[in-house]
Amino acid sequence: MKTVFSGIQPTGEIHIGNYLGAIRNWVRIGDQIGQNAIFCIVDYHAITIPHAREDLARLTFDAALANMAAGLDPNKITLFAQSHVPEHMELSWIFTTQTPLGNLEGMTQFKDKSEQHSVLAGLLMYPVLQAADILLYKADTVPVGEDQVQHIELTREVARRFNARFAPIFPEPKASIDQSAARVPGLDGAGKMSKSKNNTIGVLEDQKTIWENLRVAPTDPARVRRSDPGNPDICTIFTYHKLFSDLETLQMVNTECRVAGIGCVDCKKKLMEGLMGTLEPIQERAAHLRSHPSEVTDALVSGAERCSKIAKETMLEVREAIGLLPRNSLRPA
Ligand code: AMP
Ligand code: TRP
């Protein structure tokens, strides 16, 4: 692990799926490798589905703030906004010209999203931009949730194809997945937690709202009455317990649910304790950053400066490799 890159879209509130599946891992990696751990708020990805212009800047700032609150320390790692380093676009275009259309049309996330939205050409190119994000910094490791594995596989193909056709510039990066939270389920119990599905627990959501949503979340459907025994193995709430509660609580819930010794509401109240134990320190840091916004903007400024340097170097190599006429050769100094 020499250079690590990952990204998150500024499309709404950051949820516990993002935190457990990705950000928590980013913090750990940052502790190990410092500023070569590069994390990006991917605003150009966010506009591949129709967006509100009045929200984009705020959502980008908020995503940076939430990531810092969750533990990313910009004095240690590198944090920046994608659109502040335009070379992402340039490399993305070059990769677009080298990528067979069929590879993109087959992507699971593209197929899912194109059922929900009108299909913009950018949505099809989304994974190519992601490959550019990663390869611009020659990252070898990409910590993500399971839903991104296919995109990282495409990134490897893009790198392999470029290296074979032009020059061996890029590594073939690997996805790094925290198996304990590779796919955190949504509150509706109907699939993964996702900003677009309205089934999230927001990392910065207040306790009252979280409880209102949790209280009505479906549990084992066999538990109709309080006296019906339940099966934690098929209950979303138990999955959350495994992620947030201490061992003692976990064992108690696991035993008592099966014999109807504990009801679903009590079980959810227990979960709230562990959940808020994790979220409260994050929310306190977020409140601090809200009243000190320059800590966030300063981080984004220095992150973009650092990334620009690396990006410019890579692009010199790439332009040469594909045979473009170098601008600085036109008027020798
Ligand atoms: P996104 O919000 O789609 O930009 O995702 C940011 C990161 O969070 C990516 O690495 C995703 O794989 C990860 N992620 C998003 N939702 C989940 C989930 N429900 N479980 C685990 N990881 C997730
Ligand atoms: N597609 C990723 C997601 O939805 C976000 C992303 C963009 C990303 N560029 C990236 C993740 C580069 C890892 C590396 O979660």
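Residues numbered from 1 in each chain as written. Chains lettered and ligands numbered in written order. Predicted model: local features only at pLDDT ≥ 70, side-chain atom pairs only at ≥ 80, totals over all residues. Heavy atoms only, no water.

**Quick look at the layout of surface pockets**
Right, on to step 1. When its volume is computed, the largest pocket comes out at roughly 1200 Å³.
Right, on to step 2. Forming the boundary of the largest pocket are 46 residues, of which Gln9, Gln109, Asp147, Gln148 and Lys192 lie nearest the centre.
Right, on to step 3. Looking at the lining of the largest pocket, the elements with two or more residues in it are β1 (4-8), α1 (16-33), α6 (108-116), α7 (121-136), β4 (141-143) and α8 (149-165). (1 Å grid on protein atoms, 1.4 Å probe; cavity = no way out; pocket = protein on both sides within 12 Å on 5 of 7 lines; lining within 4 Å. Points joined across faces, edges and corners; volume = space filled by probe spheres on them. Helix = DSSP H or I, 4+ residues; strand = E, 2+ residues; numbered from the N terminus.)

**Brief notes about helix α4 (residues 87-96)**
Right, on to step 1. With respect to burial, α4 is a largely interior element, 7 of its 10 residues being buried.
Right, on to step 2. By the burial criterion, the buried members of α4 are Glu87, His88, Leu91, Ser92, Ile94, Phe95 and Thr96. (Buried < 20%, exposed > 50% of the residue type's maximum accessible area, 1.4 Å probe, protein only.)

**Topic: the site of ligand 1**
Right, on to step 1. The immediate surroundings of ligand 1 are formed by 18 residues, with Gln9, Gly145, Asp147, Val184 and Met193 found nearest.
Right, on to step 2. Within the side chain of asparagine 18, one N or O atom sits 3.1 Å away from an oxygen atom of ligand 1.
Right, on to step 3. For ligand 1, an oxygen atom lies 2.8 Å from a polar atom in the backbone of glycine 145.
Right, on to step 4. Protein contact buries 92% of the 480 Å² of open area that ligand 1 shows by itself.
Right, on to step 5. In a pocket analysis with a 2 Å cut-off to the grid points, ligand 1 is assigned to the largest pocket.
Right, on to step 6. For the shell around ligand 1, the residue count by class is 7 nonpolar, 7 polar and 4 charged. (Near = heavy atom within 4 Å. Polar contact = N/O pair within 3.5 Å; in protein donor to acceptor, adjacent residues only side chain to side chain. Areas by Shrake-Rupley, 256 points an atom, 1.4 Å probe, with all protein chains shown as cover. Sits in = over half its atoms within 2 Å of the grid points. Nonpolar A, V, L, I, M, F, W, Y, C, P; charged D, E, K, R; others polar.)

**Some words on the pattern of salt bridges**
Right, on to step 1. This model, assessed by the stated rule, comprises 18 salt bridges.
Right, on to step 2. Of the charged contacts, one joins glutamate 87 and lysine 312 as a salt bridge, the two residues approaching to 3.9 Å between their closest N and O atoms. Here glutamate 87 is found in helix α4, whereas its partner lysine 312 is found in helix α13 (residues 293-322), with 225 residues between them in sequence.
Right, on to step 3. Overall, lysine 312 belongs to the partly exposed group, its relative accessible area being 49%.
Right, on to step 4. Between arginine 161 and glutamate 157 there is a salt bridge; the shortest N-O distance is 3.9 Å. Linking arginine 161 with glutamate 157, this pair stays in helix α8, spanning 4 residues, or about one helical turn. (Salt bridge = Lys/Arg side-chain N within 4 Å of Asp/Glu carboxyl O.)

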